[in-house]
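Listed here are the chains, written in short residue letters.
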Amino acid sequence: MTDPDSLADRVRDGELRIHELEEHADHDVAAAARRRLVERETGADLETVGEYGFPAERAEPNVENMIGAAQVPMGVAGPVPVHGGAADGEHYLPLATTEGALLASVNRGLSVIRSAGGADARVTKHGMTRAPVFRVAGVAEAAETVEWVEGNLEALREAAESTTSHGELLGVEPYVVGDSVYLRFAYDTKDAMGMNMATIATGEACEVVERETPADLVALSGNLCSDKKPAAINAVEGRGRSVTADVVIPGEIVEDRLHTTAEAIAEANTRKNLIGSAKAGSLGFNAHAANVVAAAFLATGQDEAQVVEGANAITTMDTRAPADGDENAPADLYASVSLASLEVGTVGGGTKLPTQSEALEILGVRGGGEPAGSNADALAEIIAVGALAGELSLLAALASRHLASAHEDLGR
């Protein structure tokens, strides 16, 4: 076996490039050689970084110039009954985070939902998008291009779907800005998050557009997709999966378990999440949905940068008359969270990494589902219920003025 120190010397002396080490040693030795090099150059001690629990070659599709792994603590919340279109039954939710009190808060919310009989959840829309931008001479050619696209969807579908055995082109929405034409392609990517699938398929379709219209492709992504950045189009039209979870909490449970009332939680939500967010010009009208989305993404191998879109969520809270009709009983609480653009998958990308794959096994959604797409739908529904639990718990803490004391009690 090649010695890591000698490999590090060869990189330092310019005989090898740092990305070429796997050509001269196995993946673990190559990672060790990079650690030696970085330790020498920076004085850092990378012993813990090098203590990872899987063969380095398993990470080859996911990272370049590997030196080890960043280990984020993973906890579990639940179980909670989820009554979904794809997720049905009790589920634990694995969450990876460095934020103390997050797991405790989500677990409290899930416990309350469990006491209420569980939450309903549904994926209401699918569509991973890619939006190339084309150059035309002016608005006349733009109109000609749009007319052709709208009349030849089947030709575009045939070209796009020739690149994938799973993805389906759902539609193409054109947008014209002066001499620029944007075509927002939307795909059903089944159990894959599908960004790469959508990009490759759209590239094939773009060749047809260029061949049949006056338009010239400028960029395969024109930012109208819109990926990994705040965008109103994703909040309105959705991207990936649009999913909603809701629950009705009996008033007695609100008072006994959350130590406040439905009226107080509803008011806090209106003044904080709705009015406050509107005044701030926010795209997310929620308390901290991104907290649960980020922790679930890290645990299950999703693209963590897409937490940006996952924060496109609206939380609603309202009072309901007691279900038993008792006029003297406290009001029930209706709670919901709607995530407009949750981009998740259970195959491909980081979902193949060992710890992330095990987290998906906890959820019961590892790999492809039957029918195709059902596992990713179930994952989206469970994450939505987790986000709902986080919203309930935080709003209750705010309404009861217990937020600061809760952090103090947990020493966070």
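Residue numbers run consecutively from 1 along every chain, following the written order of its sequence. In keeping with the model being predicted, local features are shown solely for residues with a pLDDT of at least 70 and side-chain atom pairs are shown and tallied solely at 80 or more, while totals for entire chains, interfaces and linings include all residues. Side-chain measures here rest on the full set of heavy atoms in the structure, leaving out hydrogens and waters.

As annotated in an unreviewed UniProt entry, the protein chain carries the name 3-hydroxy-3-methylglutaryl coenzyme A reductase and comes from Natrialba swarupiae. Check the Catalytic activity (unreviewed entry) section of the UniProt entry for the protein chain; it says "(R)-mevalonate + 2 NADP(+) + CoA = (3S)-3-hydroxy-3-methylglutaryl-CoA + 2 NADPH + 2 H(+)". UniProt positions are given in the numbering used here, feature names are shortened, and annotations may be inferred rather than shown by experiment. Taken directly from UniProt, the Pathway (unreviewed entry) text for the protein chain runs: "Metabolic intermediate biosynthesis; (R)-mevalonate biosynthesis; (R)-mevalonate from acetyl-CoA: step 3/3."

*Asks:* Lay out the packing of helix α5 (residues 153-161) against helix α6 (residues 195-212) in plain terms, naming residues and giving numbers.
*Replies:* One can describe the packing of α5 onto α6 by two numbers: an axis separation of 7 Å at closest approach and a directional angle of 135 degrees. Looking at the two axes, α5 sits oblique to α6. Crossing of α5 against α6: the hand is right-handed. Packed against α5, whose contacting residues are Leu156, Ala159 and Ala160, the element α6 presents Ala201, Glu204, Ala205, Val208 and Val209 at the interface. Gly is placed with the polar residues, together with every amino acid not listed as nonpolar (Ala, Val, Leu, Ile, Met, Phe, Trp, Tyr, Cys and Pro) or charged (Asp, Glu, Lys and Arg). The residue inventory of the contact of α5 with α6, partitioned by class, reads seven nonpolar, no polar and one charged. Lines fitted to the C-alpha atoms define the axes, with helices restricted to the stretch that makes contact. Angles between their N-to-C directions range from 0 to 180 degrees. The helix count covers DSSP runs of H or I at least four residues long, the strand count covers runs of E at least two residues long, and both are numbered beginning at the N terminus. Angle categories: roughly parallel below 35 degrees, roughly antiparallel above 145, roughly perpendicular from 65 to 115, and oblique for all the rest. Left-handed describes a crossing whose near helix is turned anticlockwise from the far helix by less than a right angle; the clockwise case is right-handed. Contacts were defined at the residue level, with two residues in contact if any of their heavy atoms lie within 4.5 Å.

*Asks:* Explain the packing of helix α3 (residues 102-115) against helix α13 (residues 374-399) to me, using residue names and the numbers behind them.
*Replies:* Helices that pack against each other are described as a pair by the angle of their axes relative to one another and the distance between those axes. Look at α3 against α13: their axes get within 7 Å of each other, and the N-to-C directions meet at 100 degrees. In this view, α3 runs roughly perpendicular relative to α13, as classed from their interaxial angle. Facing Ser105, Val106, Arg108, Gly109, Leu110 and Ile113 of α3, the residues of α13 in contact are Val385, Gly386, Leu388, Ala389, Gly390, Leu392, Ser393, Leu394, Ala396 and Ala397. Residue composition of the contact of α3 with α13, grouped by class: 10 nonpolar, five polar and one charged.

*Asks:* I'd like to hear about the pattern of salt bridges, residue by residue, with values.
*Replies:* Opposite charge on two side chains permits pairing when their charged atoms draw close. Salt bridges are defined by distance alone: a side-chain nitrogen of Lys or Arg within 4 Å of a carboxyl oxygen of Asp or Glu. Counted by the stated rule, this structure contains 22 salt bridges. Taken together, the shared-partner salt bridges in this structure form one network comprising Asp5, Asp9, Arg12, Asp13, Arg36 and Arg40.

*Asks:* Requested: an account of α5, with residues and values cited.
*Replies:* Here the term buried applies to any residue with accessible area under 20% of the maximum for its type, exposed to any over 50%, and partly exposed to those in between, with areas from a 1.4 Å probe on protein chains only. All buried positions along α5 are accounted for by Leu156, Arg157, Ala159 and Ala160. What you see down the axis of α5 is that its buried residues fit within an arc of 165 degrees, all on one side. Looking at α5, the residues exposed on the side facing more than 90 degrees away from the buried face are Glu154 and Glu158. Residues of α5 that are buried sit in contact with α4 (139-151), β5 (168-177), β6 (180-188) and α6. When we speak of the arc, we mean the arc of directions from the helix axis to the C-beta atoms.

*Asks:* Tell me about the pairing of strand β3 (residues 119-130), and name the residues and values.
*Replies:* A strand pair is defined by DSSP finding two or more bridges across the two strands. Across three bridges, the pairing between strand β1 (residues 74-84) and β3 is parallel. Residue histidine 83 lies in a different strand from β3, and its bridge partner there is aspartate 120. Two strands pair when backbone bridges link them, and β3 and β6 are joined in this way by three bridges, in the antiparallel orientation. By the bridge assignment, arginine 130 is partnered in β6 with phenylalanine 185.

*Asks:* Please set out the domain arrangement of the protein chain residue by residue, giving values where relevant.
*Replies:* The start and end points of each domain follow an automatic or database-based domain assignment. Taken domain by domain, the protein chain holds domain 1 (6-59), domain 2 (74-126 + 240-411) and domain 3 (132-219). Centre-to-centre, using C-alpha coordinates, domain 1 lies 42 Å away from domain 3.

*Asks:* Before we move on, could you go through the layout of surface pockets and cite the residues and values that matter?
*Replies:* A pocket, in this scheme, is an open set of points on a 1 Å grid over the protein atoms alone with protein on both sides within 12 Å along at least 5 of 7 lines, while a cavity is a set where a 1.4 Å probe fits but cannot get out; residues line either one if an atom lies within 4 Å of a point. Grid points are joined across faces, edges and corners, and a volume is the space filled by probe spheres set on the points. Quantified by volume, the largest pocket comes out at close to 1200 Å³. Along its surface, the largest pocket is lined by 43 residues, and Asn62, Gly301, Gly350, Leu353 and Gln356 are the ones closest to its centre. Counting residues per element, the lining of the largest pocket draws most heavily on helix α12 (residues 354-363), at four residues. Here the lining of the largest pocket is composed, by residue class, of 21 nonpolar, 16 polar and six charged.

*Asks:* An account of the pairing of strand β2 (residues 88-96) is needed here, citing residue identities and associated values.
*Replies:* Within a regular strand, side chains alternate between the sheet's two faces. Note that β1 and β2 share eight bridges and pair antiparallel. Directly across from methionine 74, in β2, lies its bridge partner alanine 96.

*Asks:* An account of a negative patch on the surface is needed here, citing residue identities and associated values.
*Replies:* Patches here: salt-bridge-free residues with over 30% relative accessible area, like charges joined within 9 Å, nonpolar side chains (Val, Leu, Ile, Met, Phe, Trp, Tyr) joined within 5 Å. Per-residue and other accessible areas were derived by the Shrake-Rupley procedure at a 1.4 Å probe size, with only the shown protein chains allowed to occlude residues. When charges are counted, neither His nor the chain ends are considered; positive counts come from Lys and Arg and negative counts from Asp and Glu. To locate a charge, the coordinates of NZ of Lys, CZ of Arg, CG of Asp or CD of Glu are taken. A cluster of like negative charges, contributed by Glu252, Glu255, Asp256, Glu263, Asp324, Asp326 and Glu327, occupies part of the molecular surface. Take the negative patch: its biggest share by element is three residues, from helix α8 (residues 251-258). The topology assignment puts aspartate 324 in the loop between β9 (313-320) and β10 (332-342). Exposure remark for aspartate 324: the relative accessible area of 59% places this residue in the exposed category.

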